[in-house]
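# Overview (structure and organization)
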Amino acid sequence: MKITTTLATIALIATTSSVSADVVVDRAISETQVLTAQKAWCEALIDISTTNSMKGQAAASELAEKVIDSAYGYQMGVVLFKPTVTVNPNTFRTTREGALSYFVGGNPAYPDDKGFALNDWTKCEIENSAILIIGNTASTMGKVHLTDKDGNVTSVDKSWQFVKDDNGQLRIVLHHSSLEFTGE
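Think of each chain on its own: its residues are numbered from 1, step by step along the sequence as written. Only residues with pLDDT of at least 70 are given local features in this predicted model, and only at 80 or more are side-chain atom pairs given and counted; all residues enter the totals for whole chains, interfaces and linings. To obtain the side-chain values, all non-hydrogen atoms of the structure were included, while hydrogens and water were left out.

## Side note on empty space enclosed by the protein
- The distinction between a cavity and a pocket rests on a 1 Å grid over the protein atoms alone: a 1.4 Å probe fits inside a cavity but cannot get out, while a pocket stays open yet meets protein on both sides within 12 Å along at least five of seven lines, and a residue with an atom within 4 Å of a point counts as lining. Grid points are joined across faces, edges and corners, and a volume is the space filled by probe spheres set on the points. Within the structure shown, the criterion is met by two cavities of 30 Å³ or more.
- Quantified by volume, the largest cavity comes out at close to 50 Å³.
- In terms of lining, the largest cavity is formed by Trp41, Ala44, Leu45, Ile48, Ala64, Val67, Ile68 and Phe103.
- Secondary structure elements follow DSSP: runs of H or I no shorter than four residues count as helices, runs of E no shorter than two count as strands, and numbering proceeds from the N terminus. If you list the elements that add at least two residues to the lining of the largest cavity, you get α2 (31–55) and α3 (57–71).
- Ranked by residue count, the leading element in the lining of the largest cavity is α2, at four residues.
- Its residues assigned to classes, the lining of the largest cavity shows eight nonpolar, no polar and no charged.
- Put simply, the second largest cavity is a space of about 30 Å³.
- For the second largest cavity, the full set of lining residues is Trp41, Phe81, Thr84, Tyr102, Phe103, Phe116, Lys158, His175 and Ser177. Throughout, the ten residues Ala, Val, Leu, Ile, Met, Phe, Trp, Tyr, Cys and Pro are labelled nonpolar, Asp, Glu, Lys and Arg are labelled charged, and all others, Gly among them, are labelled polar.

What follows is the structure, encoded as structure tokens:
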């Protein structure tokens, strides 16, 4: 009798539940997913830079919008983004508009932005110092090495935090980047 009652209760909950089929129940993040997201970020940076060189800033800006919309969590709320080279009063880029300006410039509200993604990057490599995964949140810290068309390498210290959105896609919700300290 108890099994029948339990099954009836489960059936009732299942039929009256308002949870839609596209809601992600398991938001656990794997290391493979983190590494894939980081690699995709690097590839997107190179693609924006290449697009700028071949088709101009307008095309690069259009691509950057798509990249930001697919990689970052601005549609979920603010993103804690501190780009590598920014100055007051626009140091932090908690909005999509601010992130886009940092990557491709051209926004009068951010007059110091030259477009970080437009620097003729040809290679991007990630060297994680550590990846910390706690259930539905993954944080990383390490180096990103960027090579330009002349072979010059710029290394930055970078921390990211990822969460999954309602569709199960990793989203960057924290991105802090700074130039390496040289002691000078």
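## Overview of the pairing of strand β4 (residues 153–164)
- Pairing between two strands is assigned when DSSP locates at least 2 bridges connecting them. As paired elements, strand β3 (residues 137–148) and β4 share 11 bridges and run antiparallel to each other. Its bridge partner lying in β4, Thr147 is registered against Val153.
- Where β3 folds back on β4, the antiparallel hairpin that results is connected by four residues, among which Gly151 adopts a positive phi of roughly 90°.
- Where β4 meets strand β5 (residues 170–179), nine bridges bridge the pair, whose relative direction is antiparallel. Directly across from Ser159, in β5, lies its bridge partner His176.
- Between β4 and the antiparallel strand that follows it, β5, lie five residues; Gly168 among them carries a positive phi value of about 85°.

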